[in-house]
Amino acid sequence: GLEIEAILAILDKFGRESGEAYIVFKDPASAEVAIAKNGEKMGHRYLEIYPVSSAGELQQARRNTRNLMGNGAEEIILRLRGLPWQCTEKMVEEFMQPLQVDKVHLTHDSMGKFKGECLVKFCDAKTAKEGLKKDKEKIGHR
C-alpha cells in the first residue's frame with residue numbers, strides 16, 4: 001500500500017474541513033502511485049490529484065490545516081460513517097469500549113447539521129486496529 005506520513009485537511013473560515021487535503025507520503029514511489037489516480041472516482045466524486053508546487057506551499061499548508069494522522073506513527077484516526085443523527089461523542093466512546101479513545105470529532109455540514117460521520121482518534125496503532133473490528137456493528141439504532 002501507500003506509505004502515508006500525514007493527511008493535512010484544509011480548513012474553511014469556520015475551522016471545518018473543506019473537502020480538500022494535502023497528503024504527505026513517506027517515499028516518492030507512494031506519491032507517484034497516488035498521482036496516477038488523478039481523475040479517478042471515490043464513491044460518486046472524482047479526484048483531482050497533483051503534486052505540491054513548492055516547499056513553501058507545504059509549509060503554508062502545515063500552518064493552515066488540521067493534521068488527521070498526527071505524525072503518521074502513533075496518532076491514529078478512524079472514520080465512522082452511518083451514525084444515528086442523534087449521536088454524541090459519549091455514544092461513540094461507549095461504542096468503542098473497552099478501547100481507549102483519545103478524542104471524537106463529530107462532523108457537521110455548512111448549516112451546522114450533523115452529517116452522521118465522525119473521526120475517532122486513538123493513542124496508538126494497536127488500539128486503532130482493534131477499533132477496526134467494530135466495522136458493521138450497530139451504534140444506537142443504526
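Here is what the cut-offs are and how they apply
- Starting from 1, residues in each chain are numbered consecutively following that chain's sequence as written.
- pLDDT decides what is reported in this predicted model: residues at 70 or higher carry local features, side-chain atom pairs at 80 or more are listed and counted, and totals for whole chains, interfaces and linings draw on all residues regardless.
- For the side-chain quantities, the full set of heavy atoms in the structure was used; hydrogens and water were omitted.
- Accessible area is worked out with a 1.4 Å probe on protein chains only. A residue is then buried under 20% of its type maximum, exposed over 50%, and partly exposed in between.
- A helix here means a DSSP run of H or I that spans at least four residues, while a strand means a run of E at least two residues long, and both kinds are numbered starting from the N terminus.
- Here, any two strands with at least 2 DSSP bridges between them count as paired.
- It is the directions from the helix axis to the C-beta atoms that the arc portrays.
- Residues are treated as being in contact if the distance between any of their heavy atoms lies within 4.5 Å.
- Residues belong to one nonpolar core when they are buried, are Ala, Val, Leu, Ile, Met, Phe, Trp, Tyr or Cys, and are joined through side-chain atoms within 4.5 Å.
- For salt bridges, the criterion is a side-chain nitrogen of Lys or Arg within 4 Å of an Asp or Glu carboxyl oxygen.

**A word on the pairing of strand 6 (residues 76-81)**
Move 1: Where burial is concerned, the two faces of strand 6 differ: the one with Ile76, Leu78 and Leu80 is buried and the one with Ile77, Arg79 and Arg81 is not.
Move 2: Pairing of strand 6 with strand 8 (residues 114-122), which is carried by six bridges, proceeds in the antiparallel orientation. Of the residues in strand 8, the one forming a bridge with isoleucine 76 is phenylalanine 122.

**Notes on helix 4 (residues 125-132)**
The periodicity of an α-helix, 3.6 residues per turn, causes residues three or four places apart in sequence to face the same way.
Move 1: What helix 4 keeps buried is the set Thr127, Ala128 and Gly131. Projection of helix 4 onto a plane perpendicular to its axis shows the buried side chains occupying an angular sector of 100°, all on one side. Pointing more than 90 degrees away from the buried face of helix 4 are the exposed residues Lys126, Lys129 and Leu132.
Move 2: As for helix 4, its buried residues are in contact with strand 6, helix 3 (89-96) and strand 8.

**A word on the nonpolar core**
Nonpolar side chains in soluble globular proteins generally cluster together in the buried interior.
Move 1: With 18 residues, the main nonpolar core has Leu80, Leu83, Val92, Met96, Cys118, Val120 and Phe122 as its most contacted residues.
Move 2: Among the elements that take part in this core, strand 8 stands out by supplying four residues, more than any other.
Move 3: Setting aside residues no more than four positions away along its own chain, cysteine 118 makes contact with Leu78, Arg79, Leu80, Leu83, Val92, Val104, His105, Leu106 and Thr107.

**Structural notes on the pattern of salt bridges**
Move 1: For the structure on display, the rule yields four salt bridges.
Move 2: For glutamate 117, the salt bridge is made with arginine 79, and the minimal N-O distance between the two is 2.9 Å. With glutamate 117 in strand 8 and arginine 79 in strand 6, the pair connects residues that are 38 residues apart, well separated along the chain.
Move 3: A residue is classified by how much of its surface remains accessible, and arginine 79, at 51% relative accessible area, is exposed.
Move 4: Lysine 90 is the partner of glutamate 94 in a salt bridge, and the nearest nitrogen-oxygen pair spans 3.0 Å. Of the two residues, glutamate 94 and lysine 90 both sit in helix 3, four residues apart, roughly one turn of that helix.

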